[in-house]
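Fold and geometry: a report
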Amino acid sequence: MSENLIAPSILSANFAKLGEEVDNILASGADIVHFDVMDNHYVPNLTIGPLVCEALRRHGVTAPIDVHLMVKPVDRIVPDFAKAGATYITFHPEGSEHIDRTLQLIQNEGCKSGLVFNPATPLSHLEYVMDKVDMILLMSVNPGFGGQSFIPATLDKLRQVRKMIDESGRDIRLEIDGGVKVDNICEIREAGADTFVAGSAIFGAANEADPHHYDSIIQAMRDELAKADI
Ligand code: DX5
Ligand code: ZN
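So, here's what we can say about the structure.

Conventions used here
- Residues numbered from 1 in each chain as written.
- Chains lettered and ligands numbered in written order.
- Predicted model: local features only at pLDDT ≥ 70, side-chain atom pairs only at ≥ 80, totals over all residues.
- Heavy atoms only, no water.
- Core = buried A, V, L, I, M, F, W, Y, C linked by side-chain atoms within 4.5 Å.
- Buried < 20%, exposed > 50% of the residue type's maximum accessible area, 1.4 Å probe, protein only.
- Contact = heavy atoms within 4.5 Å.
- Phe/Tyr/Trp six-rings, centres within 6.5 Å; stacked < 30°, edge-to-face > 60°.
- Helix = DSSP H or I, 4+ residues; strand = E, 2+ residues; numbered from the N terminus.
- 1 Å grid on protein atoms, 1.4 Å probe; cavity = no way out; pocket = protein on both sides within 12 Å on 5 of 7 lines; lining within 4 Å.
- Points joined across faces, edges and corners; volume = space filled by probe spheres on them.
- Nonpolar A, V, L, I, M, F, W, Y, C, P; charged D, E, K, R; others polar.
- Donors = N, O, S within 2.8 Å, 3.2 Å for Na, K, Ca; no water.
- Tetrahedral: all angles 85-135°; square planar, octahedral: opposite > 155°, others 65-115°.

1. Overview of the nonpolar core
I10, F35, L69, I136 and I202 are the most contacted members of the largest nonpolar core, which totals 63 residues. Setting aside its immediate chain neighbours within four residues, I10 contacts F15, L18, V22, V33, H34, F35, I48, L56 and F203.

Here is the structure:
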């Protein structure tokens, strides 16, 4: 299995000073910036788009940006995010009429592609496209909001996907998103995830008085990951 990557979700950051927030989480050891895009159509919330992704790049962010599209339709916005500097672009199969085409579009635009599965979405969508995904993202909450509780059935689903990835022999990241905390990240790792999105757990630890306030929460997650029996 590949190295563990911690991907703070900026959904829970202070948007009034987003550049500084992203600088701080990266300085505290985060690996990837998880960027939640919601359209008030596929999910009942509205967040940020390509302009904000581009603004982070112009601000000087060089870390991978992991764009999680919770939008329908998907294809129209893909080239905009590629131009804006997205590294990964992942989408929900329910958001695209032609999943294979969308995966190809993302890769042709020079980005890494991924499919996202809601808690009740079956894995069958993966069957014919394992050669076109760089990442598989399992939602452990229903998409739309930060701060929800981890749905335990996702652990079994993680084990299934880990097996599929290992059997494929491909280099595919397995990401988990929703309700990830210090106290459950170890069992999530043991179930097969290697990329860990955490929004409220990380940004909820903000302490304006301390410039290194995210160090301890990210370190606590790494310490827990190191305990995983795999
Ligand atoms: C939910 C988003 C998540 C969210 C996770 O639709 O995809 O990335 O920010 O937030 P927490 O970690 O608070 O569950
Ligand atoms: Zn997300």
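That shown, we press on.
2. Quick word on the packing of aromatic side chains
According to the stated counting rule, one finds 2 aromatic pairs in the structure shown. On the numbers, 5.4 Å between centres and 75 degrees between planes, the contact of F203 with Y214 is edge-to-face. A residue pair is termed long-range when its members are at least 10 positions apart, and F203 in helix α7 (residues 200–203) and Y214 in the loop between α7 and α8 (215–226) qualify at 11 residues.

3. Digging into empty space enclosed by the protein
In the structure shown here, the tally under the stated rule is 1 cavity of 30 Å³ or more. Approximately 200 Å³ is the volume attributed to the largest cavity. Among the secondary structure elements, those contributing two or more residues to the lining of the largest cavity are β2 (33–38), β3 (65–70), β8 (195–198) and α7. A class-by-class count of the residues in the lining of the largest cavity yields 11 nonpolar, 10 polar and 3 charged.

4. A short note on the coordination of the zinc ion (ligand 2)
Around the zinc ion (ligand 2), the protein contributes the donor atoms H34 (NE2), D36 (OD), H68 (ND1) and D177 (OD), at 2.0 to 2.3 Å from the metal centre. Considering all 6 donor atoms around the zinc ion (ligand 2), angles at the metal cover 68 to 170 degrees and the coordination shape is octahedral. The motif formed by the donor residues of the zinc ion (ligand 2), counted along the single chain, is H-x1-D-x31-H-x108-D. With H34 in strand β2 and D177 in strand β7 (residues 173–177), the pair connects residues that are 143 residues apart, well separated along the chain.

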